[in-house]
Amino acid sequence: MLQIQNIDVFYGSIHALHNVSLEVNKGEIVTLIGANGAGKSTLLKTVSGLLKPKNGDIRFMGKPIGGLSAQSIVSLGLLHCPEGRRIFANMTVEENLDLGAYLRRDKEAIKKDLDAVFQRFPILSERRKQHAGTLSGGEQQMLAIGRALMGKPNLLLLDEPSMGLAPMLVQEIFRVVKEINESGTTVLLVEQNASQALKIAHRAYVLETGKVVLSGAADELANAEEVKLAYLGH
Ligand SMILES: Nc1ncnc2c1ncn2[C@@H]1O[C@H](COP(=O)(O)OP(=O)(O)O)[C@@H](O)[C@H]1O
Ligand SMILES: [Mg+2]
């Protein structure tokens, strides 16, 4: 579904991604783990067209997307749920969700997807008329995920959805991500919570200072000594 081959990404003279290759197959949860500053968000921003790779190739469902605008990439069904949620605090929950469907014209299907989001996140349904800024951190994260789902993703990019949440809510977010995947959406999940991410993922990549240093089946990486020491704290 997603094929990244040998990309390099720069911020001015800062070389943020070095010759990175990564694949996501249809139906998978692939997790990208790595310390703060490793380049995880940079990779997601590059896939979703917010940053342009200097070289290399990115394909989504067989189509080269490395040169496309972020809007064209969204319309192909590649949705990015950014780090820090980025919801619109002064708009209602429902307005935020409507925005997630702004490129779609299929009114009936949009209505059905809105109902599905409310079913998946009953708390958002209860608070549909409330300003999003009044929601708790966990609820805002659910809204951010719900908004991405309103774009009808084939591939969902999630950037640190569990960041800053209380442990119980962290569990809830990982459960939701697994459910979304089981109902047919392919997921590329960026996380600093490596232990939880490796539990729900099929495969994983480890990024260190802009380079992929390890990749493999999630259960194998969870048992690899270098991953245990550096990312799992044991
Ligand atoms: N807008 C930017 N301008 C310059 N450097 C940036 C910018 N965003 C990120 N970086 C740098 O790129 C590297 C990777 O950052 P980032 O992708 O945000 O890491 P992560 O998401 O893994 O924490 C870091 O060294 C960071 O300082
Ligand atoms: Mg980040």
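Residues numbered from 1 in each chain as written. Chains lettered and ligands numbered in written order. Predicted model: local features only at pLDDT ≥ 70, side-chain atom pairs only at ≥ 80, totals over all residues. Heavy atoms only, no water.

Chemist: What is the right way to look at the site of ligand 1 in this model?
Modeler: Every residue near ligand 1 is listed here: Tyr11, Ile14, Ala16, Ala35, Asn36, Gly37, Ala38, Gly39, Lys40, Ser41 and Thr42. Tyr11 has a polar side-chain atom sitting 3.5 Å from a nitrogen atom of ligand 1. One of the side-chain N or O atoms of Thr42 is found 2.5 Å from an oxygen atom in ligand 1. Within the complex, the protein chains bury 61% of what would otherwise be the 560 Å² of accessible surface of ligand 1. Counting residues per element, the ones that place at least two in the shell around ligand 1 are β2 (14-24) and α1 (40-47). Here the shell around ligand 1 takes three residues from α1, the largest share from any one element. (Near = heavy atom within 4 Å. Polar contact = N/O pair within 3.5 Å; in protein donor to acceptor, adjacent residues only side chain to side chain. Areas by Shrake-Rupley, 256 points an atom, 1.4 Å probe, with all protein chains shown as cover. Helix = DSSP H or I, 4+ residues; strand = E, 2+ residues; numbered from the N terminus.)

Chemist: Hey, could you run me through the nonpolar core in this one?
Modeler: Considering soluble globular proteins, one finds that nonpolar side chains tend to be buried as a cluster. Ranked by size, the top nonpolar core spans 47 residues in total, and within it Leu124 and Val227 carry the most contacts. Not counting residues up to four positions away in its chain, the partners in contact with Leu124 are Val93, Val117, Phe118, Leu135, Glu139, Met142 and Leu143. Ranked by size, the runner-up nonpolar core spans 26 residues in total, among them Ile4, Leu17, Leu44 and Leu155. (Core = buried A, V, L, I, M, F, W, Y, C linked by side-chain atoms within 4.5 Å. Buried < 20%, exposed > 50% of the residue type's maximum accessible area, 1.4 Å probe, protein only. Contact = heavy atoms within 4.5 Å.)

Chemist: Any chance you could explain the sheet that holds strand β7 (residues 155-159) here in plain terms?
Modeler: Working definition: the strands of a sheet are paired by backbone hydrogen bonds and lie parallel or antiparallel to each other. Pairing within the open sheet is mixed, and its six strands lie in the order β6-β7-β8-β3-β9-β10. Both edges of this open sheet fall to β6 (78-81) and β10 (211-217), since each of them pairs with a single strand only. Taken pair by pair, the neighbouring strands of this sheet meet at an average axis angle of 15°, ignoring direction. Here β6 runs beside β7; their pairing, made up of four bridges, is parallel. By the bridge assignment for β7, Leu79 is matched with Leu156. Running at roughly 165° to β6, helix α6 (residues 137-149) makes contact with β6 and β7 of the sheet. The strands touched by helix α7 (residues 167-182) within the sheet are β3 (29-33), β7 and β8 (186-191), with β8 carrying the most contacts at an inclination of about 155°. (Pairing = 2+ DSSP bridges. Axes fitted to C-alpha atoms, helices over the stretch in contact; angles between N-to-C directions.)

Chemist: Which parts of the structure should I look at to understand the coordination of the magnesium ion (ligand 2)?
Modeler: Coordination of the magnesium ion (ligand 2) by the protein is provided by Ser41 (OG) and Glu83 (OE), with metal-donor distances spanning 2.1 Å. Of the two residues, Ser41 is situated in helix α1 and Glu83 in the loop between β6 and α3 (93-99); the sequence distance between them amounts to 42 residues. (Donors = N, O, S within 2.8 Å, 3.2 Å for Na, K, Ca; no water.)

Chemist: What exactly am I supposed to notice about the side chain of Arg85 here?
Modeler: With respect to the secondary-structure elements, Arg85 resides in the loop between β6 and α3. The side chain of Arg85 sits in the buried core without any salt bridge; Glu191 is the nearest counter-charge, 8.6 Å away. The residues touching Arg85, leaving out its near neighbours within four places in the chain, are Gly137, Gln140, Gln141, Ala144, Arg147, Pro161, Met163 and Leu165. (Lys, Arg positive; Asp, Glu negative; His and termini not counted. Salt bridge = Lys/Arg side-chain N within 4 Å of Asp/Glu carboxyl O.)

Chemist: What should I look at first to understand the environment of Leu135 in this one?
Modeler: Summarising the element assignment, Leu135 is placed in the loop between α5 (122-126) and α6. For Leu135, a relative accessible area of 6% corresponds to the buried category. Measuring from C-alpha to C-alpha, the distance between Leu135 and Leu124 comes to 9.2 Å, with 11 residues separating the pair along the chain. Not counting residues up to four positions away in its chain, the partners in contact with Leu135 are Val93, Leu124, Arg127, Gln130, Gln140 and Leu143.

Chemist: Would you mind showing me how to read the domain arrangement of the protein chain here?
Modeler: A common way to state how big an interface is: give the accessible area lost once the parts meet. Domain annotation of the protein chain identifies domain 1 (2-77 + 153-231) and domain 2 (87-152). Placing a centre on the C-alpha atoms of domain 1 and another on those of domain 2 gives a separation of 23 Å. Each side of the interface is counted separately: domain 1 has 18 residues, and domain 2 has 13 residues. Buried area between domain 1 and domain 2, summed over both chains or domains, comes out near 1200 Å², and the portion from carbon and sulfur atoms is 74%. Applying the counting rule to domain 1 against domain 2 returns one salt bridge. Across the salt bridge formed by Arg120 and Glu179, the nearest N and O atoms sit 3.2 Å from each other. (Domains from an automatic or database assignment. Buried area = accessible area lost by both parts, 1.4 Å probe.)

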